[in-house]
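Breakdown of the fold
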Amino acid sequence: MAEPRTGLTPPVVTADQVMPHLDALQRIADRNGGNRAHGTQGYRDSVAYVQAALDKAGFRTTLHSFTHDGATGYNLIADWPGGDPEHILFAGAHLDSVETGPGINDNGSGSAALLATALEVSKASLKPNRHLRFAWWGAEEGGLSGSRAYVRDLSAAKRDRIDVYLNLDMAGTKGNNRPWLVVHDDPAAAEAFEGYFAARNLPTFEIGIGGSDHVSFGEAGIPVGGFATGIDDCIHEACDRVENVDPVTETTSTNAFISTVWQLAARR
């Protein structure tokens with residue numbers, strides 16, 4: 001049997017390993033009235049798709065429930081066995097869409113990149129120093145409700161165990177020379193993301209905490225990082241379909257996220 005790959009060299013994925021997840025989310029939306037919004041079957045089917053892939057890959061998955069606008073919502077939490085439980089590297093993306101469209105760039109793209117990252121952790125049999133936790137948030141479009149509920153339900157001790165939270169929201173926006181918008185809060189996360197893009201001569205733009213689920217963690221005093229590729233013309237519209245995502249940008253975003261997770265997971 002081959003030895004598990006435990007070194008610091010991160011894997012590199014291709015579009016063929018990422019875009020099929022977006023195709024699956026598009027099919028789910030098409031079967032459910034054109035959206036995957038909070039409180040709908042489309043959202044529940046999206047959770048089931050991601051959870052099945054994670055369970056098969058060896059993650060411990062749980063559903064964290066909350067209520068928003070009178071409907072029960074779900075956050076999908078996935079823990080990779082091993083690593084120091086007192087030092088958690090947490091990564092997340094919102095899985096819900098708005099009611100007016102399928103939300104494939106906003107934020108199927110971030111959800112797919114996050115899932116591809118988690119699956120690479122499994123393929124590598126990664127043995128991180130920090131404990132790895134991933135989350136797919138519900139009801140972000142309703143005001144970060146899912147991630148805020150999750151953070152609110154954590155005890156102070158459990159919050160203190162999270163070293164850093166990384167967020168992905170809109171990872172495949174089309175556009176020539178569009179910069180990656182990198183969150184500058186946790187220095188190590190910002191350096192890792194900026195370094196990845198700089199090494200490939202890709203433009204970046206520094207942003208603060210705001211706009212997506214990392215706000216829920218930042219408000220609780222937890223260091224945050226992450227990036228986005230910016231708003232497109234189809235945001236919150238019916239045209240935010242899989243054709244609205246640039247496969248090259250999506251794949252670059254995924255590999256940037258993988259690289260950073262590999263770096264930060266190795267820290268003590």
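In the annotation of an unreviewed UniProt entry, the entry for the protein reads M20/M25/M40 family metallo-hydrolase, and the organism field reads Streptomyces niphimycinicus.

1. Brief notes about the state of the cysteines
Counting across every chain of the model gives 1 disulfide. In this model Cys234 forms its disulfide with Cys239; the gap between the sulfur atoms is 2.1 Å. Measuring the twist about the S-S bond at about -120°, one finds the Cys234-Cys239 disulfide to be left-handed.

2. A look at the packing of helix α3 (residues 104–123) against helix α8 (residues 247–265)
Packing of α3 against α8 brings their axes to within 9 Å, and their N-to-C directions diverge by 45°. Relative to α8, the element α3 lies oblique. Between α3 and α8 lies a crossing whose hand is right-handed. From α3, Ser109, Ala112, Ala113, Leu114, Ala116, Thr117, Glu120 and Val121 reach across to α8, where they touch Glu250, Thr254, Phe257, Ile258, Val261 and Trp262. Each residue belonging to the contact of α3 with α8 can be placed in one class, and the counts come to 9 nonpolar, 3 polar and 2 charged.

3. Describing the pairing of strand β3 (residues 84–94)
As paired strands, β3 and strand β4 (residues 130–137) are joined by 8 bridges and run parallel to one another. Counterpart to Asp84 in the pairing with β4 is Arg130. Between the parallel pair β3 and β4, the chain is carried across by α3, and the sense of this crossover is right-handed. Inspection of the sheet shows β3 paired to strand β5 (residues 162–168) by 5 bridges, in the parallel sense. Across the sheet, residue Ala91 finds its bridge partner in β5, namely Leu166.

4. Focus on the sheet that holds β3
Pairing within the open sheet is mixed, and its 8 strands lie in the order β1-β2-β4-β3-β5-β8-β6-β7. Only two strands of the sheet have a single partner each, and these edge strands are β1 (60–68) and β7 (204–207). Direction aside, the axes of adjacent strands within the sheet are offset by 20° on average. Helix-sheet contacts for helix α4 (residues 145–153) involve β1, β2 (71–80), β3 and β4, and the interaxial angle to β1 is about 105°. Packed on one face of the sheet, α8 meets β3, β4, β5, β6 (180–183) and β8 (224–228) and runs near 175° to β5.

5. Details of the nonpolar core
Among the nonpolar cores identified, the biggest contains 54 residues, and Phe134, Trp136 and Leu166 are the most heavily contacted of them. A per-element tally of this core places α3 first, with 9 residues. Apart from the residues lying within four places of it in its own chain, the contact partners of Leu166 are Leu89, Phe90, Ala91, Gly92, Ala189, Phe193, Gly225, Gly226, Phe257, Thr260, Val261 and Leu264. Formed by 14 residues, the second largest nonpolar core is a distinct cluster that contains Ile77, Trp137, Leu154 and Tyr165.

6. Some thoughts on the packing of aromatic side chains
How two aromatic rings sit relative to each other is set out by the distance from centre to centre and by the angle between their planes. On inspection of all chains with the given rule, the structure shows 17 aromatic pairs. With centroids separated by 5.3 Å and ring planes inclined at 55°, the aromatic side chains of Trp137 and Tyr150 adopt a geometry described as tilted. Placement of the pair is Trp137 in strand β4 and Tyr150 in helix α4, with a sequence separation of 13 residues. Taken as a pair, Trp137 and Tyr150 share a single burial class, namely buried.

7. Quick word on the pattern of salt bridges
Within the structure shown, the criterion is met by 7 salt bridges. Among the salt bridges present, the one from Arg241 reaches Asp30, with a minimum N-O distance of 3.2 Å. Taken together, the positions of Arg241 in the loop between β8 and α8 and Asp30 in helix α1 (residues 19–31) put the pair 211 residues apart, joining distant regions of the chain. Assessed through its relative accessible area of 46%, Asp30 is described here as partly exposed. One salt bridge connects Glu120 with Lys123, and the closest N-O pair in it is separated by 3.2 Å.

8. Some remarks on helix α6 (residues 187–199)
Each α-helix turn comprises 3.6 residues. Residues three or four places apart therefore point the same way. Over its 13 residues, α6 runs 18 Å from end to end, which matches the ideal 18 Å to within 8%, given 1.5 Å per residue. Of the residues making up α6, those classed as buried are Ala188, Ala189, Ala190, Ala192, Phe193, Glu194, Tyr196 and Phe197.

9. As for the environment of Phe197
Relative to the helices and strands, Phe197 resides in helix α6. Separated by 161 residues in the primary sequence, Phe197 and Arg36 have C-alpha atoms spaced 31 Å apart.

Cut-off values and rules
Counting from 1, residues in each chain are numbered in the order their sequence is written. Predicted model: local features are reported for residues with pLDDT of at least 70 only, side-chain atom pairs are reported and counted for 80 or more only, and whole-chain, interface and lining totals are derived from all residues. Note that the side-chain values use all heavy atoms of the structure and ignore hydrogens as well as water. Only a pair of cysteine sulfur atoms within 2.5 Å counts as a disulfide in this structure description. To obtain each axis, a line is fitted to C-alpha atoms, and for helices this fit is confined to the stretch in contact; angles are then taken between N-to-C directions over 0 to 180 degrees. Per the convention used, a helix needs a DSSP run of H or I reaching at least four residues, while a strand needs a run of E reaching at least two, with both numbered from the N terminus. Just so you know how the angles are binned, under 35 degrees is roughly parallel, over 145 roughly antiparallel, 65 to 115 roughly perpendicular, and the rest oblique. Left-handed describes a crossing whose near helix is turned anticlockwise from the far helix by less than a right angle; the clockwise case is right-handed. Note on contacts: a residue pair qualifies if any of its non-hydrogen atoms lie within 4.5 Å across the two residues. When residue character is reported, Ala, Val, Leu, Ile, Met, Phe, Trp, Tyr, Cys and Pro are called nonpolar, Asp, Glu, Lys and Arg charged, and the others, Gly included, polar. The rule for pairing is simple: two strands pair if DSSP sees at least two bridges between them. The path from the first strand over the helix to the second decides the hand: if it runs clockwise while the strands point away from the viewer, the crossover is right-handed. The criterion is simple. A nonpolar core is a set of buried Ala, Val, Leu, Ile, Met, Phe, Trp, Tyr and Cys residues joined through side-chain atoms within 4.5 Å. Accessibility here uses a 1.4 Å probe with only protein chains present; expressed as a share of the type maximum, an area under 20% marks a residue as buried, one over 50% as exposed, and anything in between as partly exposed. Stacked, edge-to-face and tilted labels apply to pairs of Phe, Tyr and Trp rings (six-membered ring for Trp) whose centres lie within 6.5 Å, assigned for plane angles under 30 degrees, over 60, and everything in between, in that order. Just to be clear on terms, a salt bridge is a Lys or Arg side-chain nitrogen sitting within 4 Å of an Asp or Glu carboxyl oxygen. Expected span, for any helix, means 1.5 Å times one less than how many residues it has.

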